Amino acid sequence: MRRRLFSMLTAAAVACASVGVAVAGGVAPASASGTAAAAAETYTWKNVRIDGGGFVPGIVFNQKEKNLIYARTDIGGAYRWEQASKTWTPLLDWVGWDKWGYNGVVSLATDPVETNRVYVAAGMYTNSWDPNNGAILRSADKGATWQATALPFKLGGNMPGRGMGERLAVDPNKNSVVYFGAPDGNGLWRSTDKGVTWAKVTSFTNPGDYAADPSDPNGYLSHRPGVVWVTFDPSSATAGNTTQKIYVGVADKANTVYSSSDGGSTWSRVAGQPTGYIAHKGVLDHVNHTLYIATSDTGGPYDGAKGDVWKLNTTTGAWTQISPVPSSSADDYFGYSGLTIDRQNPGTIMVATQIAWWPDVVFFRSTDSGATWTRVWDFTSYPNRSFRYTMDVSSSPWLTFGANPQPPETTPKLGWMTESLEIDPFDGNRMMYGTGATLYGTEDLKKWDTGGQFTIKPMVKGLEETAVLDLISPPSGAPLVSGLGDIGGFRHTNLDAVPPMMFTSPNFTSTTSLDYAETNPSIMVRAGNFTDSDRPNDSHAAFSTDGGANWFQGTEPSGINEGGTIAAAANGSRFVWAPKDVGVHYSVGYGNSWTASTGLPTNAVVESDRVNSNRFYGFSAGKFYASTNGGASFAATAATGLPTEGNVKFKAVPGREGDIWLAGGSTTGSGIWHSTNGGASFTKLSGVTSAVNIGFGKSATASGYQALYAVATVGGVNGVFRSDDAGTSWVRINDDQHRYGNAGEAITGDPRVYGRVYLGTNGRGILYADNGGVVPPVDTVPPTTPGTPVASAITSSGAALTWTASTDAVGVSGYDVYREAGATDVKVGSPTSASFAPTGLTSDTSYTFYVIARDAAGNSSTASDPVTFRTLTGPVGGGCTATYTVSNSWPGGFQGEVSVKNTGTSATTGWTVKWSFPNGQTITQLWSGVHTQTGADVTVKNASWNGVLAAGASTSFGFGASWTGTNGVPANVTCTAP
């Protein structure tokens, strides 16, 4: 597919781990330090099947062991073919966040002598996006375990030119010798000890000067692919001796092929070679002593308008142009790549158009060493074409992209970005090739030569390469709906089967955000990206009323080019949308019209409350925002201590109004934060030192708190964790073989299956994992009784309460603080720690408080012994009273008024009114005063013009507020004045 840049989503958010020399399955993870590591639980991890979904730039057949085949991807690691099941096994899932760039594989080599050995050149980006240098990974057991040698420069598995190669090559006679062609001026490198140590080949002096755009300020298009392929002539030495004749390709249009005839001691530019193009591939027929090269005018993989195919007689030094369509022809609108020969019949060669978007890629085949060619398809009478192949995509029907093109285009296409096309060296009937969307192959290729039609099918099962941007798991309907980069996303009704079709009508190139209405989950919304010039009047948002089976569009605000984030009200009655680089808007209904929201910055992240349909939330640059009027207006809450940098995700808990979890940040501040009061305040979890994302799933108990799932660092170990007690304790549910270094942009639990988690990766598709349905034993033991509260810092209107913390077998999730108030005591706060500061008290008044502890399973302790204290007397000569009234009320909202009277003997210079809402009401606006609200506690100070009141004088202030269920009047409304 098109280029997917790593979005910097979480690379810095998880604590780095040290790279071990070798462990079973991969590089060692971090060890715990300072904090006790979380417990671990056995989980089974596997992919939600999509099959493919990304660019496969390299396919490598071992030349000596039949059916030993590897594939490399640009951001999703490397794979090994399993012939018995005809599936691919991932080899780099052990890569963790500390070395996430190792999932970018720029080259792969399989040893032709000791065939268990395989090498990978790993590194994602050569610019600043990847903080680490590249490495050569080596395995002596076909990728089951690995060792790593760090390089002194970066590698670019997802950089321009990544389809050229292979850069890694093992000497077929003396396999202790391995070569690697490096990018960005680093030249040619060699190992003489099977990849353990490496040194630059100083006698090779051309590092390659080509760059797509040398002036690119992002350092992406200015990348120089450098030395791009190495090919040995095995006939130039005997077994055990260094191969003497070696050919090397360089991304240099004037000097693209070099050779050595003395085992790499000296090198020279091959005389008579073509110029003006880059040799993407160099394939040697050592039987007939012929080197073939396929060239293009760019490094690809997205472009390339001209190119040629040449062959070199390595005995005579004569070059011959054998282009199926020469670059001098007006019919040549493509460069060449995907070069291969049939090792069983070396005179048979194939080459592909490196890029030919319209009407399709073209494969060319010659059975006479390039003297004549036939095409895989031909024009008959335009726009009609004839085909030497048929395509069967029944195993991956989405590859049609739901399209219905007009001739000469067809669906599915043969492919695009076809850099790798390989004929099986043991079977001339089998051929595999990579595209931007999948890996195709055939097992009856020779029908091409006899006038029949060979069949092309996806050969991609087990190879999952989608970039996952969002995931939702609703409580009914399909268990999972995905938002993906490049191919939009799917409704997954069966996790173990390829879905029939991606989202269409409309299709988004990438779906950036998904949501569903919590209490009406058949209503869904998605936002995404597409090429606006192709669809200038289209909308970047779509709606569904049948759980994602069908979608429709409304209008959109002007200026939108990318989807951003979008949220659905709990009942599906309205939606709030924060498109990228456009102000936040809300719509009542399904996008028929949009109205600008106020108070929330552009590019904020938006989410909805999962209970109250009028409540929406936003986050931007360390500030949390809340709306209680359906997204019409937002106001920053008083919450502090939230991360100001980095990628931050937050979500509201189903079934619990105002219950929010926030995760993410950067190296300057990362972790998990929790709010139970609609974001008015957050508490940071002390046991989590950094985090990427958080999601929710079915509770372990019928009445307990939802299970939390997080990509985080707990006890010094980064991984995927589950908590069954609201974050008090965590259990690690992945292991060192399943670290998924690019994971975390999306994560959610399953609301219907306890223990199931869905994890999105940037290049390894969607993973899901189960613990076999094992539910922890039911927790029926309540926490111990809290200690008797101690009152201190007593003033005329407040105090500080502290008590000895309770203990619990699983963990205390919080406390409820009550004030005795006759027949019905009043809950005044729910802190998570063993302290609380009641405010809004009346001066010179006796109060009694007690505390109850609770755990995540819903168990409550017995009440603590009470503490009684008397507030101090207010200042002499001053004083005031406040009278609270509800002046107007409607469903979900009301208007209040408070009268303030100076009861002192002298004029006031200011006044302060305080109260605690008994039912979770929230002030949305206030006039004639200045207010703050923390949880239930409200403080209102005078405005600049009404603070001075003569003795006996009065003033008032008014406010608007929201309420749910009950709108009780505060028990005590206090007023103080100096």
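Our structure is the block above this text.
Sequence positions are assigned chain by chain, starting from 1 and proceeding in written order. In keeping with the predicted nature of the model, local features appear solely for residues at pLDDT of at least 70, side-chain atom pairs appear and are counted solely at 80 or more, and the whole-chain, interface and lining totals rest on all residues. Only hydrogens and water are set aside when side-chain values are computed; all heavy atoms of the structure are taken into account.

Trainee: What's the story with the nonpolar core in this structure? I'm lost.
Mentor: Across soluble globular proteins, nonpolar side chains have a tendency to be buried as a group. Throughout this description, the term nonpolar core refers to a set of buried Ala, Val, Leu, Ile, Met, Phe, Trp, Tyr and Cys residues connected via side-chain atoms within 4.5 Å. Burial classes: relative accessible area under 20% of the type maximum marks a residue as buried, over 50% as exposed, and values in between as partly exposed (1.4 Å probe, protein chains only). Counting 82 residues, the largest nonpolar core has Trp45, Phe363, Leu414 and Leu759 as the members making the most contacts within it. Each residue touching Trp45, except ones within four places of it in the same chain, is listed here: Val720, Ile733, Asn734, His738, Tyr740, Val757, Leu759, Leu767, Tyr768 and Ala769. Ala882, Phe894, Val940 and Ala961 belong to the second largest nonpolar core, which has 22 residues in total. In what follows, residue pairs with any heavy atoms lying within 4.5 Å of each other are defined as contacts.

Trainee: Sorry, what's going on with the pattern of salt bridges here?
Mentor: Whenever a carboxyl oxygen of Asp or Glu lies within 4 Å of a side-chain nitrogen of Lys or Arg, that contact is scored as a salt bridge. Throughout the structure, instances matching the rule amount to 31 salt bridges. Put simply, Asp51 and Arg49 hold a salt bridge, and the shortest N to O gap is 2.6 Å. One salt bridge in this structure joins Asp770 and Arg756, with 2.9 Å as the shortest N-O distance. One end of the pair, Asp770, is in strand β59 (residues 766-770); the other, Arg756, is in the loop between β57 (743-749) and β58 (757-761), with 14 residues separating them in the sequence. In this structure Asp770 comes out as buried when scored by relative accessible area, which is 17%. The secondary structure listing takes helices from DSSP runs of H or I that are at least 4 residues long and strands from runs of E that are at least 2 residues long, numbered from the N terminus.

Trainee: Sorry, what's going on with the packing of aromatic side chains here?
Mentor: Two rings from Phe, Tyr or Trp (for Trp, the six-membered ring) form a pair when their centres are within 6.5 Å of each other. A pair whose planes differ by under 30 degrees is stacked, one over 60 is edge-to-face, and the rest are tilted. Applying the stated rule across the entire model yields 48 aromatic pairs. Measuring from ring centre to ring centre gives 5.2 Å for Trp577 and Trp594, while their planes differ by 55°; the resulting arrangement is tilted. Here the residue Trp577 occupies a position in strand β42 (residues 574-578), and Trp594 occupies one in the loop between β43 (585-588) and β44 (595-596), the gap between them amounting to 17 residues. Each of the two residues, Trp577 as well as Trp594, counts as buried. Centroid distance Trp911 to Phe957: 5.8 Å. Interplanar angle 15°. Geometry classified as stacked. Taken together, the residues Trp911 in the loop between β68 (893-902) and β69 (912-916) and Phe957 in strand β73 (residues 954-962) connect sequence positions 46 residues apart. Overall, Trp911 belongs to the buried group, its relative accessible area being 2%. Among the residues examined, Phe957 registers a relative accessible area of 1% and is labelled buried. Chaining the aromatic ring pairs together yields one cluster made of Tyr884, Phe894, Trp911, Trp915, Phe917, Phe957 and Phe959. The cationic tip of Arg375 hangs over the ring face of Trp377; the distance from NZ or CZ to the ring centre is 4.6 Å. Criterion for a charge above a ring: Lys NZ or Arg CZ within 6 Å of the ring centre, and within 35 degrees of the ring normal. The ring of Phe508 is capped by Arg526, whose NZ or CZ atom sits 4.8 Å from the centre of that ring.

Trainee: What is the right way to look at the side chain of Arg162 in this model?
Mentor: Position of Arg162 relative to the elements: it lies in the loop between β11 (146-150) and β12 (168-170). Pairs of N or O atoms are called polar contacts if they sit within 3.5 Å, as long as, within protein, a hydrogen donor faces a hydrogen acceptor (for residues adjacent in sequence, only side-chain-to-side-chain pairs). Engagement of the side chain of Arg162 in a polar contact is seen with the side chain of Asp74, the distance being 3.2 Å. A polar side-chain atom of Arg162 sits 2.4 Å from a polar atom in the side chain of Tyr302.

Trainee: Even after reading the chapter, I still don't get the pairing of β58, so can you show me in this structure?
Mentor: A regular strand carries its side chains on alternate faces of the sheet. By the criterion of burial, β58 is predominantly enclosed, with five of the five residues buried. With burial as the criterion, each face of β58 is covered, one bearing Val757, Leu759 and Thr761 and the other bearing Tyr758 and Gly760. Whether two strands pair comes down to DSSP finding at least two bridges between them. In this structure, β57 lies alongside β58, joined through five bridges in antiparallel fashion. Paired with Thr748 across the two strands is Tyr758, which belongs to β58. Taken together, β58 and the strand that follows it, β59, pair antiparallel across an intervening segment of four residues, in which Gly763 is found at a positive phi of about 125°.

Trainee: Can you walk me through the sheet that holds β43 in this structure?
Mentor: Strands in a sheet are paired, the pairing made by backbone hydrogen bonds, and the direction either parallel or antiparallel. Pairing is antiparallel in the open sheet, where four strands are placed in the order β41-β42-β43-β44. Each end of this open sheet is capped by a strand with a single partner; those strands are β41 (565-568) and β44.

Trainee: Help me understand the environment of Phe503, please; the structure alone is not making it clear to me.
Mentor: Following the sequence through the fold, Phe503 ends up in the loop between β37 (491-492) and β38 (510-516). Judged by relative accessible area, Phe503 falls into the buried class, the value being 3%. A sequence separation of 21 residues divides Phe503 from Ser482, and the C-alpha atoms of the two residues are 9.6 Å apart. The contacts of Phe503, once residues within four sequence positions are left out, are Val481, Ser482, Gly488, Gly489, Phe490, Arg491, Thr511, Leu514, Arg526, Gly548 and Trp551.

Trainee: Teacher, can you tell me more about the sheet that holds strand β2 (residues 39-40) here?
Mentor: Spatially, β2-β56-β55-β54-β53 is the arrangement adopted by the five strands of the open sheet, whose pairing is mixed. Every other strand in the sheet has two partners, leaving β2 and β53 (688-697) as the edge strands with one partner each. Summarising the sheet, β2 and strand β56 (residues 731-732) pair through two bridges and their orientation is parallel. What sits directly across from Ala40, in β56, is Arg732.

Trainee: Looking at this structure, I do not really get the state of the cysteines. What am I missing?
Mentor: What counts as a disulfide here is a pair of cysteine sulfur atoms lying within 2.5 Å. For the structure shown, the criterion picks out one disulfide. Between the sulfur atoms of Cys880 and its disulfide mate Cys975 the distance is 1.8 Å. Residues Cys880 and Cys975 are joined through a disulfide that is left-handed, its torsion about the S-S bond being -95°. With a gap of 95 residues between them, Cys880 in strand β67 (residues 880-890) and Cys975 in strand β74 (residues 973-976) connect regions that are remote in the sequence. Since its relative accessible area comes to 10%, Cys880 is described here as buried. Overall, the relative accessible area of 12% leaves Cys975 in the buried class.

Trainee: Explanation requested: a nonpolar patch on the surface in the structure shown.
Mentor: The patches reported here contain residues having more than 30% relative accessible area and no salt bridge. Joining distances are 9 Å for like charges and 5 Å for nonpolar side chains (Val, Leu, Ile, Met, Phe, Trp, Tyr). Shrake-Rupley sampling with a 1.4 Å probe provides the accessible areas, and residues are treated as covered by the protein chains on show and by no other component. On the surface, Trp357, Trp358, Phe379 and Tyr382 cluster together to form a nonpolar patch covering roughly 450 Å² of accessible area. By secondary structure assignment, the location of Trp357 is in the loop between β25 (349-353) and β26 (363-366). On the basis of relative accessibility, which here comes to 36%, the residue Trp357 falls in the partly exposed class.

Trainee: Is there a simple way to explain the environment of Lys413 in this structure?
Mentor: With respect to the element layout, Lys413 can be found in the loop between β30 (389-391) and β31 (421-423). Judged by its relative accessible area of 18%, Lys413 falls in the buried class. Sequence-wise, Lys413 and Val753 are 340 residues apart; in three dimensions their C-alpha atoms are separated by 39 Å. Not counting the four nearest positions on each side in its chain, Lys413 is found in contact with Trp357, Pro359, Asp360, Met391 and Tyr440. At 2.4 Å, the side chain of Lys413 and the backbone oxygen of Trp357 are in polar contact. Among the polar contacts listed, one links the side chain of Lys413 to the side chain of Glu409, at a separation of 3.3 Å.

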